[in-house]
Amino acid sequence: MAEGNNGFEPKIIGFLCNWCTASAADLAGTTRAQYPPNLHPVRVMCSGTVDPVYLIKSLLSGADAVMVGGCHPGDCHYVSGNYKARRRMAMLQNIFESLGLDANRIWTRWISASEGPEFAAAVREITEETRKQGPNPLSTDWAL
Amino acid sequence: MVDKVGAVLVIGAGVGGLRAALDLAESGFKAYLVDSNPGIGGTVPQLDKWFPDNGCELCKLLPVFSRDGCSQFCLRRDMAHPNIELLPNSQIQEVTGEAGNFEVTINSVSRWVKTERCTGCRLCAEVCPVEVPDEYNDGLQLRKAIYVRSPQAIPNFYCIDRETCTKCGKCIEVCPTNAIDLNLPDESQKVAVGAIIVSSGFQEFDAAEMGQYGFNRYANVLNNLQVERLLASGGRTTGELLRPSDEKVPKKVGFLQCVGSRDTERNYCSTACCMYTLKEAILIKEKYPDTEVIIFYMDMRAFGKGYHRYYQQAQELGVKFVHSRVSVIRENPKTKNLLLLTRAEDGTDIRSEYDLVVLAAAQCPSARATELNQALGVDVNQWGFIQSQDWWQTRTSKEGIYVCGSAAAPADIADSVIQAGAAACEAATLLASARDQLVEAEAESVASAASDEDTKVAVIICQCGEEITAAVNTAQVAEFAQTLPDVTSVEEVRFLCLPETLEEVKKSITKSGANRVIFAACAPYHYHRLLGNTMREAGIDPSLWQLVNIREQLAWVHKDDQAQATEKAKKILAATVDRIRGQEPLRITPMTVEQKALVIGAGVSGMVAALSLAEQGFETYLVEKSAETGGHAGEAYYNLGNEDPQAFINDLRKKVKNSSQIHLYPETGVVEVNGRSGNFSSILKAADDTTTEIIHGAIIVATGAEDYVPTEYQYGQNDKIITQKELQQLLVKNGLGKPTTVVMIQCVGSRDEGHPYCNRTCCSDAIVNALNIKEQSPETEVYVLNRDIITYAFREEYYSKARETGVLFIRFNQEDPPEVNATDKAITIRVNDPVLPGKLEIDADLLVLSTGIVTGDNRALAETLSIELNEDGFFREVDTKFRPVDTAIDGIFICGRANAPRNLDEEIAQAQAAAQRAVNILSRKELQSGRIVSEVNARRCSYCGICVTTCPFNARWLDEDEHVAVVDEALCQACGACVAACPNSAAKLRGYRDKQILSVIEAVL
Amino acid sequence: MAKSATLAVKDGKIRSSINALLADLLSKQVVEAVLVPLAHPAGNNVVQSLVTNPDYLEQADVFAPVMPVNAGRIIQAMTRLTPANKKTAVVMRPCELRALVELVKLRQAQLDNLYLIGIDCPGAYSVSDYPKYAAEKTSDDFVKAAWNGKDDPMLRAGCQVCEYPVPLMTDLTIGSVGQDLKKQLLLLASTEKGEELLEGLGLTAEEDSQAAAQRHTAVDQLLNKIKETREKFFEQTREEIGGADKLATVFGPCIKCQNCRVACPVCYCRECFFVSPTFELEAEKYLGAAEKRGAMRMPTDTLLFHLTRMTHMAASCIGCGACEEACPNAIPLLKIFQLTGTNVQKLFDYIPGRSLEDELPPTAFKEDELEWIGEK
């Protein structure tokens, strides 16, 4: 594995919706798409159930980036979950920006079940970008 | 009378077959779902995106009630339903018997791979020396002789293509589970079914037959499906549109419509191609804005719900439309560019050069259709499509055999799914007396682990031969698992999914006394049911075992870093152990069902829906606001090709009147509706203000629509300017006389700014009226001024016939409509004729306007029912394609013109489909919630109502007395929107509690 | 609808004129109760009181520069379960009104039978600073000085940068901005209920009065000035707290006592998520987490608490500063919440407390918004 940034291996948590993105992750597997192991998938029923506290907790507990993966807008199995997720992601990023924290460690990707390669590409991209950003200062400070 | 069998054979596991099988399975019938392919889905899984919203919502086909019975993941992967038996690689050999009791011989071609031993590891395909074009990618790629149809297709078991296999035996050598056996015999079985539904789909016309277009000869001439595969993320180019000759993005793409259709050989319209061409054009334009996209077309037939807007979207994106048929294509041998020769409307020849040309090849009956239809003994039409009956789109010439989708006529997904529901309704009606005869009662939940019992977790790690161990050191993972709290046994197995292993696992779990089990293995799809059964036998509650995927999501994607992959596996396992330790057994809550229905509106759709329910044994309240039943069809006297509408409607009226199950309430409205799916209570209010309260389990909205009253073209100011409906009345009464000239103008009050949708019916209405004028008065000149003539499927023949009889069709642009100048003496119409220069001036004795359909005021009813209307005021369906008759509120369905403009036979099919959806609920005594549902911690609930607003399914409400939010578990579909919305976790999702998720986070980091 | 009347300031005494007006409401039976801050006999504080006997209103002091509790909270306590069964006038500051509107949207309070009387608010001192002021000066002095445009560095942090010192949603406003306070106050009715009050008091209301126009101009000037102040304030705040390091310093003293959220008028949960069983962990979890980190701050999750609370209420934060006042360790919470709250509110084009019709951002969505989220 390519190592940069003094061997820094980012830790990333991905909350993947059961219907689209988690399914795409499986498809990436059946087609043997290779991507770095840095993202830990957590399957949830819908991107709309991802409470910001999960993301903040992740970023404060050692994650260098977080990702929410859902169905494309308009395609939600539960009609509108991803629209609600989109608002929450926008809000959380906005709060991070206001506080001068790294909003760009918070990722959203809409990946449908047939987009296995896109899932692999997203993990590669997020891993690479996070590698460039270096360790998440929020997760390295014991006093936070 | 025959003893009816409570099972139905569904032939073809495409989207229509899946819908029909699911509708039957959900309403108490066993379904055999047969497909000649090794996997389910038909054409659909080959497509990434669908019109008219470029989305994928296939999963919306899945049932929402008692959903734990059916698989709950993407249908591209798998579908498992206890009442559906999937028979892939199978064909119908013989059908004997009669409606209610057929015996069908099904031949299953051996795949030469034992599915119960195949792990999907791909080693066989890697060594297979045979390479052949891959059907899944429409020949754009190669596959091996041992293959899976698509990476998404399920069962994801390998299969040997016997035609190309050389029997070299290499695969046998490498197969780690001895799954391959080249002598595995074909199987034949006889099944007894009460009815048969044919949803065998279509085959794409082989464009190579049209030599002038050079398909298969010119590298850069493709068909729609190939372009679809190029644009697909999982395709050869991972979604890039690269032309085959040089792998470059084309700068200019031409789409040619009607290839193999609307010609002398196949004089029918292939119905869906305009739309998928539009889709591909839009996708190309969105991805490559600089690429020019030109569509050569005859008529743009974007007539379904939301399709006209999609057409406009394409225009806005800069897709160009040329009204012309391309006569020939030549390839420039050097550049591999394509020279198109076309004739413009004014007769001039145009040559233009393209980088890529896409042919919209027609839907044709499948190659096996003739054989199949003969075995079934059903009549076919001149092109080999199954002949359906007048009015009843899904009835064939043979009682007990029904048809849906493209097997009967070219159709798109939306219409196929509606027809599939209608076919299921027909079968269920025929077999109503045999309902529940062959389906298993839902499995009882096993005794749950007593809460005072110590948590004991068993961990079973599958090596999948070398597949997992190649990337993950499973021994280390196992050693690590031993150290995790509450883990009492850890076991490594070589192949978890093999029957003998499952048997051992079951024994060892029983022996170890574990009450929670974690499997670290592969994607859940294949083994979900297998493991479920094993765990049930081992006495483990369904919510207390879990499968973590360390193959597809780990070993196969992190092949080159064993250390990290192993670490990741450990963490995932630790997280899962942590999660399952805190998991309590989840219960299923039953809710009683009032097995009666309310149908609102007694037009044709309402009456058909009510009769479909009544004939299946469900009491139905049929409410009609006017004094008369029949709705708009009450004024119809003839139809394109169909028999007498009046006779048909009178027959429906008689049946409604005579049905002991139908309570007809004329001059009555619905003023209040409370409750939920399975248990509504409503208040009906009659014209004399008397009210009646009824209880019922489902609602069908069939309130129809209204005729547009034109303000255009001086309508209402001159009695010689009339609508098509008024013309029909004249013609019926022979009151037309012998006018010299009749002019018809199409799209009045449709496909315009105020009504951006196609009315779907008026081209047919105009043509049937024009034909009748010609019949009554052959000398009369009839002009039809149109923007596109939308005579899809077999309506095309009438269009041809009209032209042959001398009806003149003149095209105009929306921006340049005909000018009408009417006085008491004469009506003069001026229109730009694209063929001749200058304006054409016609003096008409009669001007007939083809007027659209507009909605009545649906707002009050929508509010009463808490369902939505679309921008045009029609009732909104959850999904145009996959749940076309469902509203967002479970238990409330829509059909007919209340939903969208439709022709009468289409309305009937939709009414049957809606009735069948209602039957899915009404046929059960109780609805069961899922195991995973949301709940309320009443002590913490602040009664803010955010969860109620957020819930898309009306599954939450506020208890005003207790000041607390309440969950209706039957309606909750486990999306968890409430969980994220509730600030203090008073809303929780069972199995996904915040505490569980937070501890997973801690564990994986 | 903007009808107004004037209230003569008798003998140049603002407080007693207002109190007489309120007493009139009761004695003329326009309303049956009045919620208003009464001066505490000790003179060191005011207390929100529900008054039915007009005699007590002599002690009312609506401009007393102290706000020990946001009255939105009082109304919440009173009407959460059932609405007021008697006509009740409530005299509130703009931030209290805004909190109330948010609480109503969250079903924590009900407006039936309530007559909202808002005041143009010159701000308040902290509860600990107030006695010093009250010992020397009166609330009349305070209002007059405040509207003369002098900066008062002793004001609570929230008041210094208050975005809306004038009511956004109210039935009747007691307008003091732009008025000659020696002579008169403006009574501005913005709803039918407001007009009902004026009528009941026997005051003739007129459309578009000159006094109303004066107030309008003065309010515009005031808001413009505030805008500038706030921009500077945000800039400074970003400088002070921006970034993980500074944030760590700022939140360093937090002991997760949750006083901030208890004081917050829009943090409406009956029991906070952070005291729920979700955060009651077994010792093994604490020790496990500590082992991973080498050292772990206890109590845990302090920053998690604040950031999560922001996601819950940033959209509804009315900037009253109650959080900051409640903090035992002087964490500049108002600054932080105003910064994030204002930006989130901008994002969703939402002004908390503006109207009952605006949908709470976390519960709503639009199909065609925020399209950059999820884009590659």
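None of the values given here were measured: they were computed from a predicted structure.

Reading the values: rules and limits
Residues numbered from 1 in each chain as written. Chains lettered and ligands numbered in written order. Predicted model: local features only at pLDDT ≥ 70, side-chain atom pairs only at ≥ 80, totals over all residues. Heavy atoms only, no water. Helix = DSSP H or I, 4+ residues; strand = E, 2+ residues; numbered from the N terminus. Rg over C-alpha atoms; globule rule 2.2 N^0.38 Å. Buried < 20%, exposed > 50% of the residue type's maximum accessible area, 1.4 Å probe, protein only. Contact = heavy atoms within 4.5 Å. Areas by Shrake-Rupley, 256 points an atom, 1.4 Å probe, with all protein chains shown as cover. Lys, Arg positive; Asp, Glu negative; His and termini not counted. Charge placed at Lys NZ, Arg CZ, Asp CG, Glu CD. Salt bridge = Lys/Arg side-chain N within 4 Å of Asp/Glu carboxyl O. Buried area = accessible area lost by both parts, 1.4 Å probe. Polar contact = N/O pair within 3.5 Å; in protein donor to acceptor, adjacent residues only side chain to side chain. Nonpolar A, V, L, I, M, F, W, Y, C, P; charged D, E, K, R; others polar. Pairing = 2+ DSSP bridges. Axes fitted to C-alpha atoms, helices over the stretch in contact; angles between N-to-C directions. Expected span 1.5 Å × (residues − 1). pLDDT = per-residue confidence, 0-100. Core = buried A, V, L, I, M, F, W, Y, C linked by side-chain atoms within 4.5 Å. Domains from an automatic or database assignment. Phe/Tyr/Trp six-rings, centres within 6.5 Å; stacked < 30°, edge-to-face > 60°. Lys NZ or Arg CZ within 6 Å of the ring centre and 35° of its normal. Arc of directions from axis to C-beta. Patch = residues over 30% accessible without salt bridge, like charges linked within 9 Å, V, L, I, M, F, W, Y side chains within 5 Å.

Our focus in this paragraph is the overall build of chain A. Along its length, chain A carries five helices and four strands. Listed by position from the N terminus, the elements making up chain A come as β-α-β-α-β-α-β-α-α. A compact globule built from 144 residues would reach a C-alpha radius of gyration of about 15 Å, and chain A, at 15 Å, matches this within 12%. Each principal axis of the C-alpha atoms in chain A carries an extent, and together these give about 40 × 35 × 20 Å. For chain A, with 144 residues in total, the buried portion stands at 75%. Sequence separation of 24 or more characterises 79% of the internal contacts of chain A that already satisfy a separation of 6 or more. Roughly 3,400 Å² of accessible area belongs to chain A as shown, and the carbon and sulfur atoms make up 49% of that amount. In chain A, which carries 13 positive and 14 negative side-chain charges, the distance between the mean positions of the two groups comes to 5 Å.

To continue, consider the pattern of salt bridges. Residue and element names in this part refer to chain B. As enumerated under the stated definition, the model contains 92 salt bridges over all chains in all. With its nearest N and O atoms 2.9 Å apart, the salt bridge here joins arginine 343 to aspartate 349. A residue is classified by how much of its surface remains accessible, and aspartate 349, at 47% relative accessible area, is partly exposed. Each member of the salt-bridge network shares a partner with another, and the members are Arg262, Asp299, Arg301, Arg751, Asp788, Glu796 and Arg811.

So, about the interface of chain C and chain B. Contacts between the two partners involve 26 residues from chain C and, on the opposite side, 26 residues from chain B. When chain C packs against chain B, the two sides together hide about 2,100 Å² of surface, and 49% of this comes from carbon and sulfur. The salt bridge involving glutamate 1002 of chain B is made with arginine 293 of chain C; its shortest N-O contact spans 2.8 Å. Across the chain C-chain B interface, the total number found is 18 residue pairs in polar contact (both at pLDDT 80 or more). Residue contributions to the side of chain C that touches chain B peak at five residues, all from helix H11 (residues 283–293) of chain C. Here the residues of the side of chain C that touches chain B are counted per class, giving ten nonpolar, five polar and eleven charged.

Let's shift gears to the sheet that holds strand E1 (residues 12–17) of chain A. Residue and element names in this part refer to chain A. Strands sit in the order E2-E1-E3-E4 across an open sheet of four strands; the sheet is parallel. The two strands at the open ends of the sheet, each matched to only one other strand, are strand E2 (39–44) and strand E4 (106–110). This sheet shows a mean twist of 20° between the axes of neighbouring strands, independent of strand direction. For strand E3 (residues 65–70) and E4, the ladder comprises five bridges, and the chain directions are parallel. Residue pairing in the sheet places valine 68 in a bridge with threonine 108 of E4. Sheet strands touched by helix H2 (residues 52–60): E1, E3 and E4. Its angle to E3, the strand with the most contacts, is close to 150°.

Attention now moves to helix H3 (residues 81–98) of chain A. Its 18 residues give H3 of chain A an end-to-end C-alpha distance of 26 Å, which sits within 8% of 26 Å, the value for a rise of 1.5 Å per residue. Two residues or fewer after H3 of chain A comes glycine 100 of chain A, characterised by a positive phi angle close to 70°.

Attention shifts here to the confidence of the model for chain B. On average, residues of chain B carry a pLDDT of 93, and 98% of them reach 70 or more. In the predicted assembly, ipTM is 0.95 and pTM is 0.93.

Further remarks concern unusual backbone geometry. Note that the residue after phenylalanine 51 of chain B, namely proline 52 of chain B, is joined by a cis bond; omega there is 0°. Take proline 52 of chain B: it is sitting in the loop between strand E2 (30–34) and strand E3 (84–87). The residue after methionine 298 of chain C, namely proline 299 of chain C, is reached through a cis peptide bond having omega -10°. In the Ramachandran plot, arginine 751 of chain B falls in the positive-phi region, its phi being about 50° despite a non-glycine side chain. Assignment of secondary structure puts arginine 751 of chain B in the loop between strand E37 (741–748) and helix H17 (762–776). Of note in the backbone geometry, glutamine 29 of chain C takes a positive phi value of approximately 55° without being a glycine.

On to the interface of chain A and chain B, then. Listed per partner, the contact involves 57 residues of chain A and 62 residues of chain B. Inspection of the chain A/chain B interface yields three salt bridges. Here lysine 57 of chain A ties to glutamate 1002 of chain B by a salt bridge, and the two come within 3.5 Å at their closest N and O atoms. At the surface where chain A touches chain B, the tally comes to 22 residue pairs in polar contact (both at pLDDT 80 or more). Listed by contribution, the elements that provide at least two residues to the side of chain A that touches chain B are E1, helix H1 (21–30), E2, H2, H3 and helix H4 (116–133) of chain A. With nine residues, H1 of chain A is the single largest residue contributor to the side of chain A that touches chain B.

Another point: the nonpolar core. General note: in soluble globular proteins, nonpolar side chains tend to be found buried as a group. Phe15 of chain A together with Leu9, Met79, Val104, Ile196, Ile197 and Ile700 of chain B are the most contacted members of the largest nonpolar core, which totals 245 residues. Both domains that furnish three or more residues to this core are identified here as domain 1 (3–230) and domain 2 (241–363) of chain C. Among all residues touching phenylalanine 15 of chain A, those that are not within four sequence positions of it are Val42, Val44, Val50, Tyr54, Leu55, Ser58, Met67, Val68 and Gly69 of chain A together with Ile997 and Ile1001 of chain B. Counting 49 residues, the second-largest nonpolar core is a separate cluster that includes Val472, Ala481, Ile540 and Ile550 of chain B.

Okay, the packing of aromatic side chains next. Under the criterion given, the structure shown has 30 aromatic pairs over all chains. Both rings, one in tyrosine 799 of chain B and one in phenylalanine 809 of chain B, keep their centres 4.8 Å apart while their planes meet at 75°; by these two values the pair is edge-to-face. Of this pair, tyrosine 799 of chain B sits in helix H18 (residues 796–804) while phenylalanine 809 of chain B sits in strand E39 (residues 808–811), and the two are ten residues apart along the sequence. Ring geometry for phenylalanine 273 of chain C against phenylalanine 279 of chain C: centres 5.1 Å apart, planes inclined by 85°, an arrangement best described as edge-to-face. Here the aromatic cluster, defined as three or more aromatic residues joined through ring pairs, consists of Tyr268, Trp383, Phe385 and Phe794 of chain B. A cation over a ring is seen here: arginine 32 of chain A above tryptophan 556 of chain B, with NZ or CZ 3.5 Å from the ring centre. Against the face of tyrosine 147 of chain B rests arginine 143 of chain B, its NZ or CZ located 3.7 Å from the ring centre.

Another point: helix H6 (residues 307–316) of chain B. Residue and element names in this part refer to chain B. All buried positions along H6 are accounted for by Tyr307, His308, Tyr310, Tyr311 and Ala314. Along the axis of H6, the buried positions cluster into a sector of 155°, meaning they face one direction only. Turning to H6, the residues buried within the fold contact helix H5 (273–287), strand E16 (320–323) and helix H8 (413–430). One or two steps after H6, the chain reaches glycine 318, where phi turns positive at roughly 95°.

Attention shifts here to a negative patch on the surface. Taken together, the side chains of Glu871 of chain B together with Glu367, Asp368, Glu371 and Glu375 of chain C present a region of like negative charge at the surface. Mapping glutamate 375 of chain C onto the fold places it in the segment after helix H14 (333–347). For glutamate 375 of chain C, a relative accessible area of 55% puts it in the exposed group.

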